[in-house]
Amino acid sequence: YFPLRVRFAVIAGVVMAAAYVGYGLQVIREVAGGEDSLPGIDDMIHDVWESAFKPLLEALAATLYVFAPMIVVSLIRSPDLTTLSIVIDPLFFALAALGAVLWPAAFLCIALNGPGILVRPDLIVRTPAASPLGYGAICVMIAGSLALTFAPAYTGGSGAGGFAAHTGAVALGTYLYLVVM
């Protein structure tokens, strides 16, 4: 049993994540189509399934796809998920790094071609190989925007000043993430 406020927070979080990911995929599609400006929010409102929840499921599929080797190794080496030995496992770190590097390519491939593209891992691997310097810059920018978005939650700062700094960092990180997309 979960209190009503917890259920509401989970539902609100899923809806916000769906809108965020849906908008990110729409940005990728617009830019790939030659548009110079960000898409409007009003384009997303008419069909919530197609513009928010379906992209969220596609993004989850891409994420699970590229991190599947890391997840499998984690489950094999620590099936009860209670030991911390997996944290210091070099294979775990190597697979996590590989997944983190391939995630933007998988996200891009899904945005342009749909989730069926996941049956073609060669396209996901060839995407960063086609332009390694530009792709590396995108990976660094995505990591920086995500760090800026989520790091304030783990730092100190209380009161109005801490809240304002946290809110500003999250807003800036979110904006940078959408620009990187």
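Above this text is the structure in question.
Report follows, based on the coordinates. (Residues numbered from 1 in each chain as written. Predicted model: local features only at pLDDT ≥ 70, side-chain atom pairs only at ≥ 80, totals over all residues. Heavy atoms only, no water.)

Overall, the coordinates contain three salt bridges when judged by the stated rule. Between R29 and E58 there is a salt bridge whose closest N-O contact spans 3.8 Å. Residue R29 is located in helix α1 (residues 4-32), and its partner E58 is located in helix α3 (residues 48-77); the two are separated by 29 residues in the primary sequence. We classify R29 as partly exposed; its relative accessible area is 31%. Its relative accessible area of 7% is what places E58 among the buried residues. In this structure, R120 engages D122 in a salt bridge whose closest nitrogen and oxygen atoms are separated by 2.9 Å. For D122, a relative accessible area of 30% translates into the label partly exposed. A network of salt bridges, in which partner residues are shared, links R120, D122 and R126. (Salt bridge = Lys/Arg side-chain N within 4 Å of Asp/Glu carboxyl O. Helix = DSSP H or I, 4+ residues; strand = E, 2+ residues; numbered from the N terminus. Buried < 20%, exposed > 50% of the residue type's maximum accessible area, 1.4 Å probe, protein only.)

The next point concerns the nonpolar core. By size, the foremost hydrophobic cluster in this structure holds 30 residues, and its most contacted members are V21, V66, M70, W103, F107 and I124. Put simply, the parts of the chain that give this core at least two residues each are α1, α3, α4 (90-113), α5 (121-130) and α6 (132-150). Per-element accounting of this core gives the leading share, eleven residues, to α4. (Core = buried A, V, L, I, M, F, W, Y, C linked by side-chain atoms within 4.5 Å.)

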